[in-house]
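Results of the structural survey
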Amino acid sequence: MSDMEMQAPNTGKDISRLDPEKFKHPHITAKGEKRAFVDLETISTLWINTGSLCNIECANCYIESSPTNDAYAYFPLSECERYLSEIKDMGYETKEIAFTGGEPFMNKDIIPMLESALKLGYDVLVLTNAMQPMMRPQMQKGLLALAQEYRTKLTLRVSLDHYTQKLHDVERGPASFDHAIAGMRWLNDHHIQMHVAGRSCWNETEEEARNGYKQLFLKENFSIDAFNPSETVIFPEMDEKIDVPEITTKCWDILSKEASSMMCASSRMLVLQKGKAKAEVLPCTLLVYNDDFVMGESLKSASTCSQGNIVNGTVKLNHPHCAKFCVLGGASCSA
Ligand code: SF4
Ligand code: SF4
């Protein structure tokens with residue numbers, strides 16, 4: 001994920017075609033009810049999108065990454081440092097800085113960016129496919145140096161869509177499983193903390209999936225707990241074509257859900273749009289390529305932003321992903 005293993009969002013355009021009246025007005029649903037919203041409580045995880053380019057092109061990449069999609073440019077160290085400095089000044093109780101892509105190890109600044117965050121004491125998570133970009137000598141050297149100094153603070157979450165070569169390669173292309181396993185063996189051999197992200201789109205129960213990963217981890221001697229959801233994250237499939245209800249302010253009680261449990265209550269993601277000088281803030285990792293969710297060029301401006309689906313820093317849940325993957329499906333990309 002990045003391996004956030006979810007289907008291409010396209011800002012909900014497929015679903016909008018199914019019901020063009022839904023997800024239009026920031027405040028009101030198609031039925032005239034008050035649209036649900038989420039206030040930011042704190043930023044416990046700050047996500048950085050390192051760029052949308054990827055060395056491969058998966059069948060269902062949520063951010064449509066590929067070797068040619070550079071809609072999100074490589075995130076530079078200078079912008080990373082600007083936001084790390086700002087997040088301290090803003091006084092958020094931030095625990096984790098998480099890096100996603102595209103493939104983060106294609107960004108030449110990735111190692112210095114990881115180091116900047118680690119030096120400040122944050123837990124650091126990197127979502128990677130563990131393939132060739134991570135295995136380049138320069139990246140290996142950088143990772144080894146970081147692991148030596150910050151071993152318990154650095155985690156790489158490797159996308160392994162399925163525990164079998166056959167199904168993983170269906171999503172990611174021939175030989176991708178073997179390359180990912182080679183990367184995982186290297187991480188394991190060097191005691192670099194490693195988690196796994198899989199998908200639940202194979203007509204099997206979660207227990208079957210976790211048992212499958214368990215067997216693989218045992219065979220490979222990987223110290224990953226297949227039954228610990230934070231070590232082996234299994235993401236729900238994001239089927240864009242299924243129509244979803246809009247979420248109203250009444251839904252929280254009806255569904256017994258708290259707005260504060262949504263990712264956008266405790267996270268923000270930074271992206272650098274191609275051609276722009278400054279990185280911008282988005283509410284979460286799920287809503288990409290959508291100007292109506294852009295919150296400004298700093299965390300401070302994001303906290304008071306009013307434009308599109310953002311009102312005074314509050315996020316209006318005016319996107320099918322909000323309904324399907326967060327409120328109804330419980331998807332979260334955070335470790
Ligand atoms: S490996 Fe690349 S193309 Fe595949 S899901 Fe991750 S970012 Fe998308
Ligand atoms: S997709 Fe989920 S996390 Fe993102 S803004 Fe919507 S409800 Fe919040």
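Up top you'll find the structure we're talking about.
To start, this report covers the structure provided alongside it. (Residues numbered from 1 in each chain as written. Chains lettered and ligands numbered in written order. Predicted model: local features only at pLDDT ≥ 70, side-chain atom pairs only at ≥ 80, totals over all residues.)

In any sheet, the strands associate via hydrogen bonds between backbone groups, in a parallel or an antiparallel arrangement. Taken in spatial order, the 3 strands line up as E1-E11-E10 in an open sheet, and their pairing is antiparallel. Taken across any chain shown, the strands that pair with only one partner, and hence form the sheet edges, are strand E1 (37–38) and strand E10 (310–311). Two strands pair when backbone bridges link them, and E10 and strand E11 (residues 314–316) are joined in this way by 2 bridges, in the antiparallel orientation. Note that in E11 the partner of valine 311 across the bridge is threonine 314. (Pairing = 2+ DSSP bridges. Helix = DSSP H or I, 4+ residues; strand = E, 2+ residues; numbered from the N terminus.)

For the rest of this paragraph, the subject is the site of ligand 2. Taken together, 14 residues surround ligand 2, and among them Met263, Cys264, Cys284, Cys322 and Cys326 come closest. For the shell around ligand 2, the element with the most residues is helix H11 (residues 320–328), which contributes 3 residues. The class makeup of the residues in the shell around ligand 2 is 12 nonpolar, 2 polar and no charged. (Near = placed C-beta within 6 Å. Nonpolar A, V, L, I, M, F, W, Y, C, P; charged D, E, K, R; others polar.)

We now examine the environment of glutamate 96. Tracing the chain through its elements places glutamate 96 in strand E3 (residues 96–100). Sequence-wise, glutamate 96 and leucine 154 are 58 residues apart; in three dimensions their C-alpha atoms are separated by 9.9 Å.

What follows concerns the packing of helix H3 (residues 110–119) against helix H5 (residues 137–150). Look at H3 against H5: their axes get within 10 Å of each other, and the N-to-C directions meet at 10°. Relative to H5, the element H3 is oriented roughly parallel. Two secondary-structure elements touch here, H3 through Ile111, Leu114, Glu115 and Leu118 and H5 through Met139, Gly142, Leu146 and Tyr150. (Axes fitted to C-alpha atoms, helices over the stretch in contact; angles between N-to-C directions. Parallel < 35°, antiparallel > 145°, perpendicular 65-115°, else oblique. Contact = placed C-beta atoms within 7 Å.)

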